[in-house]
Protein chains: 2
Amino acid sequence: MVSVGVLGLGLVGGSVARALRRAGVDVVGFDAVPATRVAARAAGLSVTDDVASLCRTAPDVLVLAVPLRAVRPVAAEVARHVGGPTVVTDVGSVKSAVRDAVEAAGLGERYVGAHPMAGTERSGFAASSEDLLDGAHWAVTVGPTTRADALVRVLGLLTGALGGTVHVLTDEVHDEAAALVSHVPHVLATELLGVVADAPVRDVALALAAGSFRDTTRVARTDARRTEAMVTDNAAWVAAGLRVVVRDLERLALALETNAGVAPFFDRPDPVRQVVRPDSTHRTEHRVVLDEQGEWRTTLTGLGARGAVVVRVQDDAVHVV
Amino acid sequence: MVSVGVLGLGLVGGSVARALRRAGVDVVGFDAVPATRVAARAAGLSVTDDVASLCRTAPDVLVLAVPLRAVRPVAAEVARHVGGPTVVTDVGSVKSAVRDAVEAAGLGERYVGAHPMAGTERSGFAASSEDLLDGAHWAVTVGPTTRADALVRVLGLLTGALGGTVHVLTDEVHDEAAALVSHVPHVLATELLGVVADAPVRDVALALAAGSFRDTTRVARTDARRTEAMVTDNAAWVAAGLRVVVRDLERLALALETNAGVAPFFDRPDPVRQVVRPDSTHRTEHRVVLDEQGEWRTTLTGLGARGAVVVRVQDDAVHVV
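Residues numbered from 1 in each chain as written. Chains lettered and ligands numbered in written order. Predicted model: local features only at pLDDT ≥ 70, side-chain atom pairs only at ≥ 80, totals over all residues. Heavy atoms only, no water.

Looking at an unreviewed UniProt entry, one finds chain A named Prephenate dehydrogenase/arogenate dehydrogenase family protein, with Cellulosimicrobium arenosum as its source organism. Database annotation for chain A, UniProt heading Sequence similarities (unreviewed entry): "Belongs to the prephenate/arogenate dehydrogenase family." (UniProt positions renumbered as here; feature names shortened; annotations may be inferred.)

Shown next, in the form of structure tokens:
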């Protein structure tokens, strides 16, 4: 079984480390905050006191689980100490930006991107848990230079010890999808709170707010700086999504102001209901051979973009359904 | 104790009827759908077979609990049969529009507006329950011609047998507040689903969607026609809210496209955290006498707009805190 280093023991990093320990994986962590290291050791985790020591444990996989805005300096420090066959992955919510940072640090050839779709509005090691990621969907991203052996090792870890459902994607497909189902929703929730905050009827509006308002604004109740970092690191896709939203809402506002019909706005299909998810036993299993020419990158990410998930990982092939 | 008629036994009407029966109130219902009448009787409720028979039971309070788009014809039919001292109220989510319909039917002088801030994404009698409204906040709205005795009777029912927390407001304050914490959030949730439905990465985006997306779009998963009716009946306030949203999102999109700072968007205060709700024992109790001149209307709705709730109802006065 692989050994794993986890750099950053916040909500996601802490949960990765705890889940791996539960699965019996040899895992060592580090966090820049001394109090977090104390808490992680108290929780039974093995923790080093600096990045260099973590890298010197020569883990098979090193998971960068630091905030997006810290990836660049942390990657640079890792590059000074990491060696041998260590594969580097991460948990960041924007993949193109992380790849840029990791490549700038010279870690590109040992890097495979990863992003678990799970979280809570809380943060920090205290909020982490060994079951936060149970059953989570992960995006794993590959670029033109991703090594097949590095991909196999990361896929093995995520689908094995971490029990995740993995979609292999390009950075671009991940970042567009994340903009639509995560970053733009965070922006709209933030905006809803902002509109109420500025309204003359603010106090009574909040008193009257029922569950639907609390549900729709829950994600805005996280660290605003974290949301800002996701949005700015994925600026192009978020801006494109917002332009669509602005166009549609402007049309709706105009229709309401002029007493015109608004049915087209409400008649759009509900994509959640629309997408039929066939039972996996009725879907075709594809065996994608990890060929030297690297055509597997296009094949795997093409299948991933259409919803395929990894069901089996071999040294020379990945099976998706 | 008062007797109550409930016209319309869907999610809210059914829940009102069940809660009143649990409280021992003499309650009779009616629904235009025969199958709903059968189900309501099977659930132990007393149900008439037409509106005329319901009105002839001469309830102290008649609750119109029909969809917004049905209020106008139903109010006209009630006007033909209602008599004596029956007070008419409702549960509609837009108060100005309901008042217009009720006044057009000639029921204005016996009408007091009401709107419980509770619901689920389900609808119909089968989804109703005797505890749906437990602890709910209610908006009760009064206009220039609202009778003091009618208000007292409705307040007594809502704060008594139904155990609600009641805010006395003008229609306008209610409708602006409801636009901000209910109708605009419904529109944004609908838009989020629409944007994903049209995206090339739709399938993988939905597969990756974590809890935050499901939470933020849950309210769009209701009856689209019901949402459309709320939005069009409250068109002016919803359009005004949407114009603010469009302005803010356009600024954010431009900032992201030009690599400008976006901190102002994320630095706005969270109104939910900002509003300090002092314990009611530390707030001033106001006794508003229901004077002949009708100044109580301005006093009560002014206090309500600042967050005051009803704590005691007497024949000649309402206490709010």
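(A) Quick peek at the packing of aromatic side chains. All names here are of chain A. Taken as a whole, this structure holds two aromatic pairs over all chains when the rule is applied. Between Phe265 and Phe266, the ring centres sit 5.0 Å apart and the planes meet at 80°, which makes this aromatic pair edge-to-face. Residues Phe265 and Phe266 agree in their burial class; the two are buried. Sitting over the ring of Phe265, Arg268 keeps its end group 4.5 Å from the ring centre. (Phe/Tyr/Trp six-rings, centres within 6.5 Å; stacked < 30°, edge-to-face > 60°. Buried < 20%, exposed > 50% of the residue type's maximum accessible area, 1.4 Å probe, protein only. Lys NZ or Arg CZ within 6 Å of the ring centre and 35° of its normal.)

(B) Focus on the interface of chain A and chain B. The interface of chain A with chain B comprises 85 residues on the first partner and 85 residues on the second. At the boundary of chain A with chain B, total buried surface from both sides reaches about 7700 Å², with 71% on carbon and sulfur atoms. Run the count over chain A and chain B and you get six salt bridges. Across the pair Arg243(B) and Glu257(A) runs a salt bridge whose closest N-O atoms are separated by 2.8 Å. Our count for the chain A to chain B interface comes out at six residue pairs in polar contact (both at pLDDT 80 or more). (Contact = heavy atoms within 4.5 Å. Buried area = accessible area lost by both parts, 1.4 Å probe. Salt bridge = Lys/Arg side-chain N within 4 Å of Asp/Glu carboxyl O. Polar contact = N/O pair within 3.5 Å; in protein donor to acceptor, adjacent residues only side chain to side chain.)

(C) View of the side chain of Thr301(B). Residue and element names in this part refer to chain B. Summarising the element assignment, Thr301 is placed in helix 14 (residues 295-305). By relative accessible area, Thr301 is classed as buried at 10%. Reaching out from Thr301, the side chain makes a polar contact with the backbone oxygen of Arg297 at a distance of 2.7 Å. Setting aside its immediate chain neighbours within four residues, Thr301 contacts Val142, Val168, Leu169 and Thr170. (Helix = DSSP H or I, 4+ residues; strand = E, 2+ residues; numbered from the N terminus.)

(D) Structural view of the relation of the copies chain A and chain B. Between the two copies, chain A and chain B, the superposition gives an RMSD of 0.0 Å; the rotation angle is 180° and the shift along the axis is 0.0 Å. Taken together, the turn and the small shift mark the pair as related by a two-fold rotation axis. Within chain A, the C-alpha atom positioned nearest to the axis of rotation is that of Thr216(A), 2.1 Å from it. (Least-squares fit on C-alpha atoms with pLDDT ≥ 70 in both.)

(E) Summary view of helix 1 (residues 11-22) of chain A. Residue and element names in this part refer to chain A. Given a rise of 1.5 Å per residue, twelve residues ought to cover 16 Å, and the 16 Å separating the end C-alpha atoms of helix 1 matches this to within 8%. Regarding helix 1, the residues found buried are Leu11, Val12, Gly13, Gly14, Ser15, Val16, Ala17, Arg18, Ala19 and Leu20. Considering only its buried residues, helix 1 is in contact with strand 1 (3-7), strand 2 (26-30), strand 6 (113-116), strand 7 (137-141) and helix 6 (148-159). Once helix 1 ends, the next one or two residues include Gly24, with phi positive near 85°. (Expected span 1.5 Å × (residues − 1).)

(F) Layout of the side chain of Thr36(A). If you trace the backbone, Thr36(A) turns up in helix 2 (residues 34-42). Discounting chain neighbours no more than four positions away, the residues touching Thr36(A) are Leu9(A), Asp31(A) and Phe125(A).

(G) Quick look at the sheet that holds strand 9 (residues 286-289) of chain B. Residues and elements named next belong to chain B. Read across the open sheet, the three strands follow the order 9-11-10; overall the sheet is antiparallel. A single partner strand is all that each edge strand has here, and the edge strands are strand 9 and strand 10 (310-313). Ignoring which end each strand starts from, the neighbouring axes of this sheet average 25° apart. Here four bridges tie strand 9 to strand 11 (residues 317-320), and the two strands are oriented antiparallel to one another. Opposite Arg287, over in strand 11, you have His319 as the bridge partner. Running over the sheet, helix 6 (residues 148-159) touches strand 10 and strand 11 and is turned about 120° from strand 10. Here helix 14 sits on the sheet and contacts strand 9 and strand 11; the angle it forms with strand 9, its principal contact strand, is near 150°. (Pairing = 2+ DSSP bridges. Axes fitted to C-alpha atoms, helices over the stretch in contact; angles between N-to-C directions.)

(H) Representation of the sheet that holds strand 11 (residues 317-320) of chain A within the structure. Residues and elements named next belong to chain A. Here three strands make up an open sheet; going across it, the order is 9-11-10 and the pairing antiparallel. What marks the edges here is a single partner per strand, and that holds for strand 9 (286-289) and strand 10 (310-313). Going across the sheet, the axis of each strand differs from the next one's by a mean of 25°, ignoring polarity.

(I) Geometry of the layout of surface pockets. Its volume calculated, the second largest pocket comes out at about 1100 Å³. For the lining of the second largest pocket, the secondary structure elements donating two or more residues are helix 9 (211-217) of chain A together with helix 1 (11-22), helix 4 (71-81), strand 6 (113-116), helix 7 (171-197) and helix 10 (224-233) of chain B. (1 Å grid on protein atoms, 1.4 Å probe; cavity = no way out; pocket = protein on both sides within 12 Å on 5 of 7 lines; lining within 4 Å. Points joined across faces, edges and corners; volume = space filled by probe spheres on them.)

(J) Layout of the pairing of strand 11 of chain A. Residue and element names in this part refer to chain A. Side-chain alternation along strand 11 places Ala317 and His319 on one buried face and Val318 and Val320 on a second face that is also buried. As paired strands, strand 10 and strand 11 are joined by three bridges and run antiparallel to one another. Bridged to Val313 within strand 11 is Val318. Taking the residues between adjacent antiparallel strands as the criterion, strand 10 and strand 11 are bridged by three residues.

(K) Molecular detail of the environment of Glu172(A). Residues and elements named next belong to chain A. Relative to the helices and strands, Glu172 resides in helix 7 (residues 171-197). Residue classification places Glu172 among the partly exposed residues on the basis of a relative accessible area of 44%. The sequence separation of Glu172 and Lys95 amounts to 77 residues, and the corresponding C-alpha distance is 7.8 Å. Those residues in contact with Glu172 that lie beyond four places of it in its chain are Ser96 and Trp237.

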